[in-house]
Amino acid sequence: MTAMTPTTGPAALPASLFVDSAVRAEIEQFLYFEVELLDDRRFSEWLSLCADDIRYWMPMRRNRLTRDRDKENSGPDELSHLNETRQSLGWRVAQLESNMHWSEAPPSRTRHLVTNVRVAATETPDEYAVRSNFLCYRNRLEEDVDIWAGERGDVLRRVGVRQWQVVRRTILLDQSVVLSPNLSVLF
Amino acid sequence: MISNETLRSYVQWEDGLISPHIFSSEDVWQLEQERVFGRSWLFLAHDSQIPRPGDFFSTYMGADPVMIVRQSDGSVAAFLNACRHRGMKVCRGDEGNSKAFTCTYHGWSYDTAGRLIGMPAADDTYGPDFDRSRWGLVPVNRLEHYQGFWFGSFDESIVDLETSLGPFKIHMDTFLDSMPGGVEFVGGTQRAKMSGNWKIAAEQFAGDSYHAFQSHVSDFTVSTPPELLDTRSFQGEHGFNGFHHFGTVQGHGAGFNDARSDQRYYAIGAGTDVVDRWQDRVEREVRERLGDEAADTYRGTILHGTLFPNLSFLGTPTALRVWHPRGPNEMEMYSWVYVDKDAPPEVKERMKWVAQQHFGPQGLAEQDDGENFAAIAGNLKRRGAQTHKIMLNYRMGLGDTNDTHEPATGGRHAGMNEMPQRLFYRRWLRMMTEDGTGEAA
Ligand code: FES
Ligand SMILES: [Fe+2]
């Protein structure tokens, strides 16, 4: 083993990560509760955690050559996988609960894992910028399995005592070609 | 190799009987690569995807990787995306702009015209007599465009593109040439790999309005305001008779609504009024520029269509997709949204949004198509002997010669009818069993 002389030392963590630990704990519990509702198929309750002005967006990922690596994710003028308002999320939830949405009837078994939660304050006192990683496992029918991994960038808003809502959600799915017959789950 | 006799027993299109073997057999799939994909016009890209010199788009022709590249003189060239040295992709970007394509294995590099222009230490390795001109990228032999849509074929002797459109040309015109400026693609290609044979998807877009009532019932129910549900979700006064189907001997097909009915817009839900008003304007424009026949089957009425073999489209919402074969039980969808170039920005934005709500792997409608395609493949993948003896029923409307529809040559048919699917497989069988492209009636 060759001796290594550290030239820079470990990178300093951004000061913005050091929010009050009680806030961080509350936000983590919120994120876990949210996916619990999805995995328990309590979709309407999940929808109530989305703010009226929510933007829920999942851009596409592309393989780009070095010089336009910054265009790996599709931009707002381009196509995206999801570009939802509260109203269209309501359609999706109603569809999931319709029992006639054949890609989820019989229902899938899903398990959302949420990790690597980073919380930063924003300029708006009751809103926090929250990043988390996710892994969602779906098993359906006999042997159909899909696994989606990615990151979410959220803006969460405190709306009451221990009450939170999602105001913005950007979902980065780590796939350039969607590798499942559909995207019928919520993240 | 699979015999013509076997293939004919699999595709009894005149009797509306199709064997599941054509969806699940490895032999059929392999032969299809040469005989269907090797001899058809295949959609590559739209002009608006590669506007500037050096712009490229990577896609597939059948299972073969290709790239289409804008040249410095404004023309377009297309090649197999496979290095002549060991065969790996020389362009590993999905889209972008490049002056040259350098293979990452040993560094052979090719210019945008596909010429081999560089080899590391060329003189020391291959010697001064090496003839680079023989080792350029393999070109796509024929390239033609129609309304800004570039098609390629590996078949040198294929008939010209316009001839191969046949009577389908009027549908191409009415959805791509509705406005004087034509259409452009919204940026980005949505890709999804899924279980299912590509023909199941292509034939569905060619002629299957029938599935929508069952497959997509949850979409209609949740996204349509109740006051519009009757007239906009196919359950209005005309019922199934409001539908027309169009099929051609080239294997192309489409399903559309009677332009006189009020059922024309499938694009339902909030914000659709903006798109509806625009489509009304488009209809007036089509009537003026292209005439009444075109206007009666104009874009706003077209529900779905397929240009043989694997380019499918929707008239409203305005979406296009190619079904790339990835093996007997696997396909990959490339999906785009197109908008009228002349449309104001807010209309373009709404067209994009409405299309994405319903179509694509996340679409309120298309999620359930993916489920159905995968479920068909799921049953066939197990290779059950009895399942494969079923002759599938493609007999809807068989023997019916309503309207201008002739069983063997196609035409237009009022009402639900699987004539377009039968003609799709008629063309497919001709290509699989005969020399040539199977164009002749
Ligand atoms: S494989 Fe491309 S240079 Fe060797
Ligand atoms: Fe469908």
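In what follows, the structure referred to is the one given above.
Not measured: the values here are computed from a predicted model. (Residues numbered from 1 in each chain as written. Chains lettered and ligands numbered in written order. Predicted model: local features only at pLDDT ≥ 70, side-chain atom pairs only at ≥ 80, totals over all residues. Heavy atoms only, no water.)

A. Summary view of the nonpolar core. Counting 113 residues, the largest nonpolar core has Trp 46 of chain A together with Trp 323 and Trp 428 of chain B as the members making the most contacts within it. In terms of residue count, helix α1 (residues 21-39) of chain A provides more of this core than any other element does, seven residues in total. With residues near it in sequence (within four places) discarded, Trp 46 of chain A still touches Glu 34, Leu 37, Leu 38, Tyr 56, Leu 89, Val 93 and Leu 186 of chain A. (Core = buried A, V, L, I, M, F, W, Y, C linked by side-chain atoms within 4.5 Å. Buried < 20%, exposed > 50% of the residue type's maximum accessible area, 1.4 Å probe, protein only. Helix = DSSP H or I, 4+ residues; strand = E, 2+ residues; numbered from the N terminus. Contact = heavy atoms within 4.5 Å.)

B. Inspection of the coordination of the iron ion (ligand 2) at higher detail. Residues and elements named next belong to chain B. The coordination sphere of the iron ion (ligand 2), as far as protein atoms go, consists of His 211 (NE2), His 216 (NE2), Asp 369 (OD) and Asp 369 (OD), spread over 2.1 to 2.4 Å. Classification of the site at the iron ion (ligand 2) as irregular follows from its four donor atoms and the range of 55 to 147° in their angles at the metal. Donor residues for the iron ion (ligand 2) sit on one chain with the sequence pattern H-x4-H-x152-D. With His 211 in the loop between α7 (198-207) and α8 (212-215) and Asp 369 in helix α14 (residues 366-381), this pair connects stretches of sequence that are 158 residues apart. Of the two residues, His 211 and Asp 369, neither departs from the other in class, the shared state being buried. (Donors = N, O, S within 2.8 Å, 3.2 Å for Na, K, Ca; no water. Tetrahedral: all angles 85-135°; square planar, octahedral: opposite > 155°, others 65-115°.)

C. Up close: the interface of chain A and chain B. With 41 residues of chain A in contact, the opposing surface of chain B contributes 44 residues. Contact with chain B buries area across many residues of chain A, yet Leu 79, Trp 91 and Trp 102 of chain A alone supply 21% of it, more than any other trio. Where chain A packs against chain B, one counts three salt bridges. Between Glu 142 of chain A and Arg 382 of chain B there is a salt bridge; the shortest N-O distance is 3.6 Å. (Buried area = accessible area lost by both parts, 1.4 Å probe. Salt bridge = Lys/Arg side-chain N within 4 Å of Asp/Glu carboxyl O.)

D. Highlighting the pairing of strand β16 (residues 253-257) of chain B. Residue and element names in this part refer to chain B. Burial analysis of β16 places five of its five residues in the buried class, which makes it a mostly covered element. What you see with β16 is no split at all: Gly 253, Gly 255 and Asn 257 on one side and Ala 254 and Phe 256 on the other are buried throughout. One ladder, built from five bridges, connects strand β15 (residues 243-248) with β16; its direction is antiparallel. Of the residues in β16, the one forming a bridge with His 245 is Gly 255. The antiparallel pairing of β15 with β16 creates a hairpin that spans four residues between the two strands, and Gly 251 there sits at a positive phi of about 95°. (Pairing = 2+ DSSP bridges.)

E. Local environment of the sheet that holds strand β9 (residues 109-111) of chain B. Residues and elements named next belong to chain B. Strand order in the open sheet formed by three strands is β8-β9-β10, with antiparallel pairing between adjacent strands. One side of each edge strand has no neighbouring strand; the edge strands of this open sheet are β8 (100-102) and β10 (116-118). Neighbour-to-neighbour, the strand axes of this sheet turn through a mean angle of 35°, independent of strand direction. Bridge count for β9 against β10 is two bridges, and the pairing is antiparallel. (Axes fitted to C-alpha atoms, helices over the stretch in contact; angles between N-to-C directions.)

F. Here's a closer look at the sheet that holds strand β21 (residues 392-393) of chain B. Residues and elements named next belong to chain B. In spatial order, the strands read β1-β2-β21; together these three strands make up an open sheet with antiparallel pairing. Looking at the sheet topology across the chains shown, the edges are occupied by β1 (11-12) and β21. Taken together, the two bridges between β1 and strand β2 (residues 17-18) define a ladder with antiparallel strand orientation. What sits directly across from Val 11, in β2, is Ile 18.

G. Spotlight on the side chain of Glu 78 of chain A. As for its position among the elements, Glu 78 of chain A is in the loop between β1 (50-59) and β2 (80-84). Only 2.8 Å separates the side chain of Glu 78 of chain A from the backbone nitrogen of Gly 75 of chain A, close enough to count as a polar contact. When near neighbours in sequence (up to four residues on either side) are disregarded, Glu 78 of chain A contacts Arg 62 and Asn 73 of chain A together with Val 186, Gly 187, Gly 188 and Lys 352 of chain B. (Polar contact = N/O pair within 3.5 Å; in protein donor to acceptor, adjacent residues only side chain to side chain.)

H. Region of interest: the packing of α7 of chain B against α14 of chain B. Residues and elements named next belong to chain B. Between α7 and α14, whose axes approach to 10 Å, the crossing angle comes to 130°. It follows that α7 is oblique to α14 by the angle criterion. As α7 packs across α14, the resulting crossing turns out to be right-handed. Contact residues: Ile 200, Ala 201, Gln 204 and Phe 205 in α7; Glu 366, Asp 369, Phe 373 and Ile 376 in α14. (Parallel < 35°, antiparallel > 145°, perpendicular 65-115°, else oblique. Left-handed = near helix turned anticlockwise from the far one by under 90°.)

I. Local environment of the environment of Leu 7 of chain B. By the element assignment, Leu 7 of chain B lies in helix α1 (residues 4-10). Considering only alpha carbons, one finds Leu 7 of chain B and Thr 433 of chain B, 426 residues apart in sequence, at a separation of 7.4 Å.

J. Quick look at the packing of aromatic side chains. All names here are of chain B. In total, this model carries 28 aromatic pairs over all chains according to the counting rule given. Plain terms: the ring middles of Phe 37 and Trp 198 are 4.8 Å apart, the flat faces sit at 65° to each other, and that makes the pair edge-to-face. Here Trp 198 lies in helix α7 and Phe 37 lies in helix α3 (residues 26-37), a separation of 161 residues in the sequence. Overall, Phe 37 belongs to the buried group, its relative accessible area being 2%. For the ring pair Phe 205 and Trp 323, a centre distance of 5.4 Å and an interplane angle of 50° mean the geometry is tilted. Taken together, the residues span a long stretch of sequence, with Phe 205 in helix α7 and Trp 323 in strand β19 (residues 319-325) at a distance of 118 residues. Residues Phe 205 and Trp 323 agree in their burial class; the two are buried. A connected cluster of aromatic rings, assembled from ring pairs, spans Phe 23, Phe 37, Trp 198, Phe 308, Tyr 394, Phe 424 and Tyr 425. (Phe/Tyr/Trp six-rings, centres within 6.5 Å; stacked < 30°, edge-to-face > 60°.)

K. Main features of the packing of helix α3 (residues 86-96) of chain A against helix α13 (residues 345-358) of chain B. Two elements in contact, α3 of chain A and α13 of chain B, have axes separated by 12 Å at closest approach and are oriented at 15°. Of the possible angle classes, the one that applies to α3 of chain A and α13 of chain B is roughly parallel. Note that α3 of chain A runs across α13 of chain B; the crossing there is right-handed. Where α3 of chain A abuts α13 of chain B, its residues Ser 88, Trp 91 and Arg 92 of chain A lie against Trp 353, Gln 356 and Gln 357 of chain B.

L. Broad picture of a nonpolar patch on the surface. Residues and elements named next belong to chain A. Taken together, Leu 113, Leu 135, Tyr 137, Val 145 and Ile 147 make up a surface patch of nonpolar side chains, about 420 Å² in accessible area. If you list the elements that add at least two residues to the nonpolar patch, you get β4 (127-140) and β5 (144-160). Structurally, Tyr 137 is set in strand β4. (Patch = residues over 30% accessible without salt bridge, like charges linked within 9 Å, V, L, I, M, F, W, Y side chains within 5 Å. Areas by Shrake-Rupley, 256 points an atom, 1.4 Å probe, with all protein chains shown as cover.)

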